[in-house]
Amino acid sequence: MKVNLTTFEELHRPMYVLEERLLRRNLELIRSVAHDSGAEIILAFKAYVLWKTFPLIRQYVGAATASSLYEARLAAEEFGSKAHTFSPAYTSWEMPDIARCSSHLTFNSLSQYARLHEMAREANPSVSFGLRVNPEYSEVGTDLYNPCAPGTRFGILDADLPAQLPADIEGFHCHCHCESGADVFQRTLTHIEAKFSPWFKQLKWINFGGGHLMTRRDYDVALLIHIIKDFRSRYPWLHVVLEPGSAFGWQTGPLVSQVVDVVENHGIRTAILDVSFTCHMPDCLEMPYQPAVRFAKAVGSESLDAPYVYRLGGNSCLSGDFMGYWQFGHELQVGENVIFEDMLHYTTVKTTMFNGISHPAIALAHADGELEVLREYSYNDYKSRMD
């Protein structure tokens, strides 16, 4: 089926639509940054894990990062390369399988390393071990997403590292960003070097984590390349890794929904949709942020008396499953599409089946407008979660 990629008027059911042209645009930029900077840039599954598109992504990047056994298995089995794996809490019963699926394995604490590294080494003699470190500096404003907030459970402080690292520790992992710019990385790197450069001579690699939103339109790509090249000139023996997630799926496609009903209460008109913020767009409520809606303008509550202003409501029984307000160019009608922009990164990996609500399908729109449905969900998907 061919669809109009502007209106999606051919769709009459909820669907995440990944546009191949936009994904390739991001991948081409990411590959060019890796080439020009000399860093290795890998895909973070925690933000994007549509594995049926891995053959396309493998044309541009060679590895992925995992946060769990299942992600590590997916990397090994479907992405075609072992994962760069970090978890704040490995379990002994999962460790052998995680190690077998990992090329790099980062421990969150020295105690986890002490308990589990021999088991991991036995399972995979070639795995490269690293430690997560915490420079105690981050410019992430939302505590929910700040990995370096005071009291964080992530990473080892410089004061707690021994002068001589364990002999088989080969790398440091340091994650401090969330959809951040290159200027933030530049300032953060000053703190990383100030605290941890005394150990760099003992290492082979350093992973600067995710949150480098290099595909955002206003991102200073040239500055990022300069920062990495400058760092590598000072520490030429260190292999530099970045593992963005959002940058891969950024602005690559919408969630298309439909109006089911319009209700009014105390002057607030709510268009109830066949999708849910809490189930299908959870970051909107968690972060929170108000997404862009195609063909509509975000307005404040002072505009309630203006024509065609609606709050948008989800179809779950959670009272707070709504956001607002948007002004449309006409009276909304039952059955028409409401299109939420930029809903591929994080959203597709964090959805739930709360309330047993029908889950949006996932589709890939090719450049010619041909729509390939990658996954449709059914009652059995809901029921099997409790088997």
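The preceding data block contains the structure.
Starting afresh in each chain, residues are numbered from 1 along the sequence in its written order. Local features in this predicted model are restricted to residues whose pLDDT is 70 or higher, and side-chain atom pairs enter the listing and the counts only when it is 80 or higher, whereas totals over whole chains, interfaces and linings include all residues. Each side-chain value is worked out from all heavy atoms of the structure, with water and hydrogens disregarded.

A word on the pattern of salt bridges
Next up, step 1: Put simply, a salt bridge is a Lys or Arg side-chain nitrogen that is within 4 Å of an Asp or Glu carboxyl oxygen. Applying the stated rule across the entire model yields 18 salt bridges.
Next up, step 2: In this structure, the salt-bridge partner of D183 is R187, at a minimum N-O distance of 3.4 Å. Here the residue D183 and the residue R187 both occupy positions in helix 6 (residues 182–196), the gap between them amounting to 4 residues, near one helical turn.
Next up, step 3: Notably, a salt bridge pairs D218 with R216, separated by 2.6 Å at the nearest N-O pair.
Next up, step 4: Several salt bridges share partner residues, and in doing so they unite E136, D158 and K195 into one network. Helix numbers and strand numbers start at the N terminus; a helix is a DSSP run of H or I with at least 4 residues, a strand a run of E with at least 2.

Brief notes about the sheet that holds strand 8 (residues 169–173)
Next up, step 1: If DSSP finds at least two bridges between two strands, the strands pair. Pairing is parallel across the open sheet formed by 9 strands, whose spatial order is 2-10-9-8-7-6-5-4-3. At either end of the open sheet lies a strand with only one pairing partner, and these are strand 2 (40–41) and strand 3 (43–44).
Next up, step 2: Bridge count between strand 3 and strand 4 (residues 64–66): 2 bridges; the pairing is parallel. Within strand 4, the position partnered with L43 by the bridge is A64.
Next up, step 3: Throughout, a contact is declared for two residues whenever any of their heavy atoms are within 4.5 Å. Lines fitted to C-alpha atoms define the axes, with helix axes restricted to the stretch in contact, and inter-axis angles between N-to-C directions lie between 0 and 180 degrees. Of the strands in this sheet, strand 3, strand 4, strand 5 (83–87) and strand 6 (102–107) touch helix 3 (residues 69–79), which is tilted by about 150° from strand 4.

Focus: empty space enclosed by the protein
Next up, step 1: In this analysis a 1.4 Å probe is tested at points of a 1 Å grid over the protein atoms alone, and where it fits but cannot get out there is a cavity; an open set with protein on both sides within 12 Å along at least five of seven lines is a pocket; lining residues have an atom within 4 Å of a point. Grid points are joined across faces, edges and corners, and a volume is the space filled by probe spheres set on the points. Tallying each qualifying case throughout the model produces 1 cavity of 30 Å³ or more.
Next up, step 2: As a volume, the largest cavity reaches approximately 50 Å³.
Next up, step 3: Along its surface, the largest cavity is lined by T65, H84, T85, F86, H104, T106, H173, W205, N207, V241 and E243.
Next up, step 4: When residues of the lining of the largest cavity are traced back to their parent elements, those giving at least two are strand 5, strand 6 and strand 9 (205–207).

Concerning the state of the cysteines
Next up, step 1: The term disulfide is used for any two cysteine sulfur atoms that are within 2.5 Å. If you walk through the whole model with that rule in mind, you get 0 disulfides.
Next up, step 2: Between C284, a cysteine without a disulfide, and C279, which holds the nearest cysteine sulfur, the sulfur-to-sulfur distance is 13 Å.

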